[in-house]
Amino acid sequence: DGKPLDLLKLDVQGYEPQVLMGGIETLRKTKVIVAEISFFREYEGQWLFRQLYDYLLELGFDFSAMYEMARRDNWTPLQSNGVFVNVRR
């Protein structure tokens, strides 16, 4: 239906492209997306941070925050949760 969605949480283990591309109408009515973001590829076809960022930016989402960073032993970032806010909604 056409009801707005305040928050969408994504943690889909590398299936971000399929989920996001298949849910355009839901994304357009969503105010905030919290998505797991990766800096290194773990799954075939997985989007890294830049691909996710660019896609959501095209849809009107601004990158707002990052929390719960997972790092390697040498402090290189692996994954985090990213917050994206829909500035068109």
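Below, the structure is looked at part by part. This is a predicted model, so every value here is computed, not measured.

Cut-offs and rules
Residues numbered from 1 in each chain as written. Predicted model: local features only at pLDDT ≥ 70, side-chain atom pairs only at ≥ 80, totals over all residues. Heavy atoms only, no water. Salt bridge = Lys/Arg side-chain N within 4 Å of Asp/Glu carboxyl O. Helix = DSSP H or I, 4+ residues; strand = E, 2+ residues; numbered from the N terminus. Buried < 20%, exposed > 50% of the residue type's maximum accessible area, 1.4 Å probe, protein only. Core = buried A, V, L, I, M, F, W, Y, C linked by side-chain atoms within 4.5 Å. Contact = heavy atoms within 4.5 Å.

1. Digging into the pattern of salt bridges
Inspection of every chain in the model, using the stated rule, returns 3 salt bridges. Of the charged contacts, one joins R28 and E25 as a salt bridge, the two residues approaching to 2.9 Å between their closest N and O atoms. One end of the pair is R28 and the other is E25, both in helix α2 (residues 24-28) and 3 residues apart, which spans about a single turn. Note that R50 is salt-bridged to D54, the shortest N-O span being 3.1 Å. Taken together, the residues span about one helical turn, with R50 and D54 both in helix α3 (residues 49-58) at a distance of 4 residues. For R50, a relative accessible area of 56% corresponds to the exposed category.

2. Quick word on the nonpolar core
Residues L20, I33, L52, Y55, L56 and F84 are the most contacted members of the largest nonpolar core, which totals 13 residues. Where this core is concerned, the elements lending two or more residues are β2 (30-38) and α3. Once residues within four sequence positions are removed from consideration, Y55 is found in contact with L20, M21, I24, L27 and W47.

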